[in-house]
Amino acid sequence: MSINKSFSKVCLLASVPVLLAACEQKTPPTAAETDAPRLYAEQVRLLESYTAKMRAALDSADIELVFNQLNSRIDSINHTVAPDTDLQLSEAQNDTLLQKMNAFLEAKNNRLKGLGRRDTIPEEVTDVMREE
């Protein structure tokens with residue numbers, strides 16, 4: 001019988017830290033911690049959407065408009081979350097945002113290059129013009 005009492009005491013003593021940990025009050029998450037997933041999702045969605053718009057831009061005015069609209073939208077989203085919310089994003093999330101931003105900038109540069117080629121007069125045309 002004394003073995004059962006000893007065993008019961010050992011089990012009780014071993015379970016005390018677990019019970020105390022379970023009863024411990026958890027600190028509620030900060031606004032930045034709760035807003036971080038929403039901030040990330042909205043920025044990814046915006047970058048993907050505006051990258052598609054940039055690829056469809058017809059001229060330099062469209063390119064400038066899309067670029068300014070994206071900057072404005074990102075600013076407005078950033079003002080809806082607590083300061084330093086972006087610091088709560090994981091390294092993988094930051095890497096994804098960087099890749100999406102690079103894709104947007106690459107689309108912008110490609111459109112500008114494409115416009116530069118379309119705006120120039122081919123040599124064959126200028127040669128014909130000189131002959132006349």
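My aim in this report is to walk through the structure given alongside it, one point at a time. Given the structure is predicted, the values throughout are model-derived calculations rather than measurements.

### Brief notes about the overall build of the protein
And step 1. Tallying secondary structure elements over the protein gives five helices and zero strands in all.
And step 2. When its helices and strands are written in sequence order, the protein yields α-α-α-α-α.
And step 3. Within the protein, the proportion of its 132 residues that are buried is 21%.
And step 4. Considering only contacts within the protein whose residues lie at least 6 apart along the sequence, 85% involve residues at least 24 apart.
And step 5. If you sum the accessible surface of the protein, you get close to 10,000 Å²; carbon and sulfur atoms cover 58% of it.

### Overview of the environment of L97
And step 1. Here L97 is to be found in helix 4 (residues 91-119).
And step 2. Once the C-alpha coordinates of L97 and Y40 are considered, the two residues, 57 residues apart in sequence, prove to be 7.9 Å apart.
And step 3. Discounting chain neighbours no more than four positions away, the residues touching L97 are Y40, Q43, V44, L47 and L89.

### Remarks on the packing of helix 2 (residues 31-55) against helix 3 (residues 60-78)
Packed helix pairs are specified by the crossing angle of their axes together with the interaxial distance, meaning the distance between the axes.
And step 1. Close contact between helix 2 and helix 3 brings their axes to 10 Å; oriented N to C, the two are set at 175°. Here helix 3 runs roughly antiparallel to helix 2, going by the angle between their axes. Seen from helix 2, the contacting residues are L39, E42, Q43, R45, L46, L47, Y50, K53 and M54; seen from helix 3, they are I63, V66, F67, Q69, L70, R73, I74, I77 and N78.
And step 2. Tallied by class, the residues present in the contact of helix 2 with helix 3 amount to eleven nonpolar, three polar and four charged.

### Re helix 2
Every α-helix carries 3.6 residues per turn, so stepping three or four residues along brings you back to the same face.
And step 1. An ideal rise of 1.5 Å per residue puts 36 Å on 25 residues; helix 2 measures up with 36 Å between its terminal C-alpha atoms.
And step 2. The largest bend along helix 2 reaches roughly 30° and is located at P37.
And step 3. Along helix 2, the residues that are buried comprise A32, D35, A36, L39, Y40, Q43, V44, L46, L47, Y50, T51 and M54.

### A few points about helix 3
And step 1. The end-to-end C-alpha distance of helix 3, which contains 19 residues, comes to 27 Å, matching closely the 27 Å that a straight helix rising 1.5 Å per residue would cover.
And step 2. Every buried residue of helix 3 is accounted for by I63, V66, L70, I74 and I77. Along the axis of helix 3, the buried positions cluster into a sector of 70°, meaning they face one direction only.
And step 3. With a side-chain oxygen positioned 3.2 Å from the backbone nitrogen of A61, the residue opening helix 3 is D59.

Calculation criteria
- Residues numbered from 1 in each chain as written.
- Predicted model: local features only at pLDDT ≥ 70, side-chain atom pairs only at ≥ 80, totals over all residues.
- Heavy atoms only, no water.
- Helix = DSSP H or I, 4+ residues; strand = E, 2+ residues; numbered from the N terminus.
- Buried < 20%, exposed > 50% of the residue type's maximum accessible area, 1.4 Å probe, protein only.
- Contact = heavy atoms within 4.5 Å.
- Areas by Shrake-Rupley, 256 points an atom, 1.4 Å probe, with all protein chains shown as cover.
- Axes fitted to C-alpha atoms, helices over the stretch in contact; angles between N-to-C directions.
- Parallel < 35°, antiparallel > 145°, perpendicular 65-115°, else oblique.
- Nonpolar A, V, L, I, M, F, W, Y, C, P; charged D, E, K, R; others polar.
- Expected span 1.5 Å × (residues − 1).
- Bend = angle between axes of the 7 residues up to and from the residue.
- Arc of directions from axis to C-beta.
- Polar contact = N/O pair within 3.5 Å; in protein donor to acceptor, adjacent residues only side chain to side chain.

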